Amino acid sequence: MVDLTSIFTLTGISLGIILLVYFVSSLPLYLALKMLGSHAGILTVILVNLGLAGTGLLLSIFLPSFYGVGLALATLIAYIAFFQVGFLRAIAAWVLQYAIVFLLIFLFTNLLVK
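Structural notes, computed from the coordinates. (Residues numbered from 1 in each chain as written. Predicted model: local features only at pLDDT ≥ 70, side-chain atom pairs only at ≥ 80, totals over all residues. Heavy atoms only, no water.)

On to the nonpolar core, then. Among soluble globular proteins, nonpolar side chains are generally buried collectively. Counting 14 residues, the largest nonpolar core has Leu29, Leu33, Val45, Val48, Tyr79 and Phe83 as the members making the most contacts within it. At the level of secondary structure, the elements contributing two or more residues to this core comprise α2 (15–35), α3 (42–62), α4 (67–83) and α5 (87–112). The element best represented in this core is α4, accounting for four residues. (Core = buried A, V, L, I, M, F, W, Y, C linked by side-chain atoms within 4.5 Å. Buried < 20%, exposed > 50% of the residue type's maximum accessible area, 1.4 Å probe, protein only. Helix = DSSP H or I, 4+ residues; strand = E, 2+ residues; numbered from the N terminus.)

Taken as a whole and judged by the stated rule, the model has one aromatic pair. For the ring pair Tyr79 and Phe83, a centre distance of 5.4 Å and an interplane angle of 50 degrees mean the geometry is tilted. With Tyr79 and Phe83 both in helix α4, this residue pair falls four residues apart, about one helical turn. A single burial state applies to Tyr79 and to Phe83, both of which are buried. (Phe/Tyr/Trp six-rings, centres within 6.5 Å; stacked < 30°, edge-to-face > 60°.)

A few words now on α4. With 17 residues, α4 extends 23 Å from end C-alpha to end C-alpha; this agrees with the ideal 24 Å at 1.5 Å per step. Taken together, the buried positions of α4 are occupied by Leu71, Thr75, Leu76, Ala78, Tyr79 and Phe83. Viewed end-on, α4 has its buried residues packed into an arc of 160 degrees, placing them on one side of the element. Counted as exposed and oriented over 90 degrees from the buried face of α4: Val69, Ile77 and Ala81. Once α4 ends, the next one or two residues include Gln84, with phi positive near 50 degrees. (Expected span 1.5 Å × (residues − 1). Arc of directions from axis to C-beta.)

Below, the discussion takes up α3. Its 21 residues place the ends of α3 30 Å apart at the C-alpha level, agreeing with the 30 Å of an ideal helix rising 1.5 Å per residue. Of the residues making up α3, those classed as buried are Val45, Ile46, Val48, Asn49, Leu52, Gly56 and Leu59. Each buried residue of α3 sits inside an arc of 165 degrees when the element is viewed along its axis, so together they form one side. α3 presents Leu43, Leu47, Leu57, Ile61 and Phe62 as exposed residues on the side facing more than 90 degrees away from its buried surface.

In this structure, the largest pocket encloses a volume near 260 Å³. What lines the largest pocket is simply Tyr22, Ser25, Asn49, Leu52, Ala53, Leu71, Thr75, Tyr79, Trp94, Gln97, Tyr98 and Val101. The set of elements that each furnish at least two residues to the lining of the largest pocket consists of α2, α3, α4 and α5. The element best represented in the lining of the largest pocket is α5, accounting for four residues. Taken together, the residues of the lining of the largest pocket break down into eight nonpolar, four polar and no charged. (1 Å grid on protein atoms, 1.4 Å probe; cavity = no way out; pocket = protein on both sides within 12 Å on 5 of 7 lines; lining within 4 Å. Points joined across faces, edges and corners; volume = space filled by probe spheres on them. Nonpolar A, V, L, I, M, F, W, Y, C, P; charged D, E, K, R; others polar.)

This is the structure in structure tokens:
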């Protein structure tokens with residue numbers, strides 16, 4: 001008899017934990033897009049992040065020399081296409097995403113941990 005927990009386990013890590021990590025890691029981009037007035041939903045943001053992770057994996061395998069430039073272009077194209085923002089707003093969303101991440105890291109390490 002097959003145990004259901006073994007079906008939903010991926011290399012020792014629960015599938016639910018993996019989905020939770022992708023959800024949490026997508027929140028800064030979602031917040032950045034909302035700040036810029038985009039109507040993108042959280043599911044779209046999660047799927048775009050998953051797609052960009054796959055794109056990064058494929059670029060690192062097949063075109064490692066162009067990994068950085070290729071992933072940057074893929075990110076901008078994905079943001080423009082899926083979130084329906086212009087070029088400058090796509091760059092702003094990208095910068096805001098990392099600004100939010102750095103702010104959260106700063107808050108958690110300096111204010112909440114003490």
